[in-house]
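Summary of the model geometry
As a plain string of letters, each chain reads:
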Amino acid sequence: MSRAGHAGNHRPEDLSDRPRWRREAYRIIFEHDTPAGLAFDILLIVAIITSVVVVMLESVAEVQARHGALLRTLEWVFTILFTGEYALRIASARSATRYARSFYGVIDFLAILPTYLSIILPGGQAFAVIRILRVLRVFRVLKLAQYVGSERVLLSALRASAHKITVFLIAVLTLVMVVGATMYFIEGPERGFTSIPMAVYWAIVTVTTVGYGDIAPQTAFGQILAAALMIMGYGIIAVPTGIVTVQLASQTPPPRACTQCAAVLHDSDAIHCKYCGAELPELEER
């Protein structure tokens, strides 16, 4: 698959009417099946990962105190390089507008924005970690694009489960509000439950089995209620997982068994059995 998909167009196009530098830039930036294009992609991925590491290290106080100036300089170097790369993509893309509005185009723009924002918003460069999303190009570089199609199955299952999960979340929200209000009544402000919203926060932390421990019931009735909520939490966590799993199973085609040798380990687009050569049955429509 050509990386022309960044511009939202997979069809081949005659680029002979373009200036030579734009044709060469297009081949290097948007085509990974050439040595220059592959080298560019690999260098880009290395630069992205390195820049994200720099941003993360800059947030560590000890490292910032010793190497703050160096890290800040490196961050600006990477930002300027990525800005130039983004400008080249705009200039060489088949359709600049289509590329800029595409998924990768938006991510490429957001990847350079935080550092410039940090000029007026101190600390804004921390959002530069969004650059890690650009590493998704590794699927194209390593010719793994065929596996990206699996994301459609997952997204489809999530959409199909949306109404059930919504009902589930409303039920959980109702539960934690009732339990939170009850705990506020039982424990009271003197034991840390200073308000109903604070008690609801405790109920959410408890039912999700996170258990920060910043607030804890101290009375016998409060501890009994907390124990009941903890036990319910284990069952509640499994519900959305089961809902999505059922949808995934319903959208995943069943394995096709060979009518001759009964083998089932075949590719989804296989026509003949790879073990005995017999013709495989067609996939059932779901």
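No experiment lies behind these values; they were computed from the predicted model shown. (Residues numbered from 1 in each chain as written. Predicted model: local features only at pLDDT ≥ 70, side-chain atom pairs only at ≥ 80, totals over all residues. Heavy atoms only, no water.)

**Remarks on the nonpolar core**
- By size, the foremost hydrophobic cluster in this structure holds 16 residues, and its most contacted members are F30, I48, F78, F82 and Y99.
- Where this core is concerned, the elements lending two or more residues are α1 (20–30), α2 (35–58) and α3 (61–92).
- In terms of residue count, the dominant contributor to this core is α2 (5 residues).
- Setting aside chain neighbours within four positions, we find F78 in contact with A47, T50, S51, V54 and R131. (Core = buried A, V, L, I, M, F, W, Y, C linked by side-chain atoms within 4.5 Å. Buried < 20%, exposed > 50% of the residue type's maximum accessible area, 1.4 Å probe, protein only. Helix = DSSP H or I, 4+ residues; strand = E, 2+ residues; numbered from the N terminus. Contact = heavy atoms within 4.5 Å.)

**Considering unusual backbone geometry**
- Positive phi values are uncommon outside glycine, yet T209 reaches one of about 60°.
- By the element assignment, T209 lies in the loop between α9 (196–207) and α10 (220–251).
- With relative accessibility at 36%, the residue T209 sits in the partly exposed group.

**Considering the environment of M198**
- Along the chain, M198 falls in helix α9.
- For the pair M198 and G180, spaced 18 residues apart in sequence, the C-alpha separation works out to 7.9 Å.

**Thoughts on the packing of aromatic side chains**
- The full count for this structure, using the stated rule, is 8 aromatic pairs.
- Centroid distance F193 to W202: 5.7 Å. Interplanar angle 75°. Geometry classified as edge-to-face.
- The buried category is assigned to F193, whose relative accessible area is 0%.
- Given the relative accessible area of 5%, W202 is considered buried.
- Put simply, the rings of Y26, F30, Y86, Y99 and F109 pair up and form one aromatic cluster.
- Directly above the ring of F30 sits R89, whose terminal nitrogen or CZ lies 5.5 Å from the centroid.
- Positioned above the aromatic ring of F82 is the side chain of R134, whose terminal nitrogen or guanidinium carbon lies 5.4 Å from the ring centre. (Phe/Tyr/Trp six-rings, centres within 6.5 Å; stacked < 30°, edge-to-face > 60°. Lys NZ or Arg CZ within 6 Å of the ring centre and 35° of its normal.)

Keep in mind these numbers describe shape, not what the thing actually does.
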